[in-house]
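Report on the structure
Below, each chain spelled out in residue letters.
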Amino acid sequence: MPSLKDLKIRIASVKATQKITKAMQMVAAAKLRRAQEAAEAARPYSERMGAVLANAAQMVSASEAPALMNGTGRDDSHLLVVCTAERGLCGGFNSSIARLARDHARRLMAEGKTVKIITVGRKGFDALRRDFANQIAERVDLREVRQIAFSNASDIASNVIERFGAGEFDVCTLFYSEFKSVISQVPTARQLIPASAGGEAETAGDAVYEYEPDAADILNVLIPRNIAVQIFRALLENVAGEMGAKMSAMDSATRNAGEMIEKLTLSYNRQRQAQITKELIEIISGAEAL
Amino acid sequence: MADSFKFELVSPERLLVSEDVESVVVPGSDGEMTVMAYHAPVMSTLKPGIVTTTKTGGQTERYVVYGGFADILPDGCTLLAESATTVSEVDPNDVTQRIQNAREDVTDAKDAETKADAEAMLSHLELLEKAISMSR
């Protein structure tokens, strides 16, 4: 049975923890709003990009299409780009992305394929380095970045494309967490290379375009750009998802701390009462004995 | 008076402009072109340069873009710019930095083709710098 003093110390420390988690929740809520705005601001670009790409892809016969679109025709070696957050304390956010990537990598390796991994974000690296120490080709650290800019994404994209050009892999898959809502983030795998143009050519795109320089050249520029855009989008969704996850994790942490304080206060009061009763009994029985 | 059409300038970070304009001068990689309403559908890559829009009232607006795509349809024109700002907000250091990078690319170029590309990029950027300093 802890003494009164111990209980008092416990209560004080849980209260301090509660204050911290509460503050973190509020910070996450503010950051979430900003992240959501950024994700929304980026949406028009990626939507238009998808439409333009689908249009241009229709015009180019499969044989002329750049290798980034057709792939190498094999699928022996895979590159996994795993995007996670830089910080923890956000529930199962990072581990669920890492788990998806790990399962994927295990399955590929069981099929006898080569797997290489690029991790974006410290947490993904921490989670995967134990199992795949030899597979991790590179880690990208975005710790110093306050607001993710397009240049961050295009750096990663040009790295990936360079590796593809050097023949290091045949298929590239991007792992990130899709931001559904504040309480729901779905870890997602999306194939980057070979790029699928998606059959989403808009109806207004029936018009016959003229191309300057020509369609194949445009595709050559368009597809690397599209990869960068997809990575950029993934990073933004990740930030929004991380903040959402952190918010709900910190919310339940605050609630748990509140419950704990209640319980501790109850047993503190009970013990105090017991002690008073004990002292009273001592005084009364002492007086009776006289 | 010419008819107006919908013009949009989008950068990866945000939608910069979405408004009705009468004409747009687009720095296409094969040369500048002026787009007006009912233009034939064209898709073109952009070189670094200045986009000038003219609104129905005649007032013009100028933006700096660093490469990207133009998607031109009879009823609208969408520019997907790699990075875009209005001319008045351009950071001169940013331009200088890009020119610096382009110079390095020229010296680092391994084969003739990439060298030619890098040199073209450099000359576009230098022209752009002049145009910006002149418009100030």
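Residues numbered from 1 in each chain as written. Chains lettered and ligands numbered in written order. Predicted model: local features only at pLDDT ≥ 70, side-chain atom pairs only at ≥ 80, totals over all residues.

Turning next to the sheet that holds strand E1 (residues 77-83) of chain A. Backbone-to-backbone hydrogen bonds pair the strands of a sheet. The strands run either parallel or antiparallel. Residues and elements named next belong to chain A. If you walk across this open sheet you meet the five strands as E3-E2-E1-E4-E5, and the pairing is mixed. Taken across any chain shown, the strands that pair with only one partner, and hence form the sheet edges, are strand E3 (136-140) and strand E5 (184-193). Adjacent strand axes in the sheet meet at a mean angle of 20° when their direction is disregarded. Of the strand pairs in this sheet, strand E4 (residues 171-181) and E5 are connected by nine bridges, and their pairing is antiparallel. Looking at E5, one finds that Glu 178 is bridged to Val 186. (Pairing = 2+ DSSP bridges. Helix = DSSP H or I, 4+ residues; strand = E, 2+ residues; numbered from the N terminus. Axes fitted to C-alpha atoms, helices over the stretch in contact; angles between N-to-C directions.)

Here the focus is the interface of chain A and chain B. With 23 residues of chain A at the interface, the matching set in chain B holds 20 residues. Going through the elements one at a time, helix H1 (4-59), strand E6 (210-212) and helix H6 (215-289) of chain A are the ones with two or more residues in the side of chain A that touches chain B. At eight residues, the largest contribution of residues to the side of chain A that touches chain B is made by H1(A). Considered class by class, the residues forming the side of chain A that touches chain B number 20 nonpolar, no polar and three charged. Alignment of E6(A) against strand E5 (residues 42-46) of chain B, held across three bridges, turns out to be parallel. Each bridged residue has a counterpart across the sheet, and for A:Glu212 the counterpart in E5(B) is B:Ser44. (Contact = placed C-beta atoms within 7 Å. Nonpolar A, V, L, I, M, F, W, Y, C, P; charged D, E, K, R; others polar.)

Attention now goes to unusual backbone geometry. Most peptide bonds take the trans configuration, and most residues that are not glycine carry a negative phi. Residue and element names in this part refer to chain A. In this model, Ile 193 is joined to Pro 194 through a cis peptide bond whose omega is -5°. Although it is not a glycine, Leu 89 adopts a positive phi angle of roughly 55°. Within the secondary structure, Leu 89 is located in the loop between E1 and helix H3 (93-110). Judged by local crowding, Leu 89 falls into the partly exposed class, with 16 C-beta atoms found within 10 Å. (Buried ≥ 20, exposed ≤ 12 C-beta atoms within 10 Å, placed from the backbone.)

In this structure, A:Ala56, A:Val81, A:Val82, A:Ile231 and B:Leu79 are the most contacted members of the largest nonpolar core, which totals 100 residues. Once residues lying within four places of it in the same chain are set aside, the contact partners of A:Val82 are A:Ile97, A:Ala101, A:Ile117, A:Thr119, A:Val120, A:Gly124, A:Leu128 and A:Phe175. (Core = buried A, V, L, I, M, F, W, Y, C linked by C-beta atoms within 7 Å.)

Residue and element names in this part refer to chain B. Per the domain assignment, the segments of chain B are domain 1 (5-87) and domain 2 (91-135). The interface is formed by eight residues belonging to domain 1 together with seven residues belonging to domain 2. Broken down by secondary-structure element, the contributors of at least two residues to the side of domain 1 that touches domain 2 are strand E6 (49-54) and strand E7 (60-65). Of the residues belonging to the side of domain 1 that touches domain 2, the class tally is five nonpolar, one polar and two charged. (Domains from an automatic or database assignment.)

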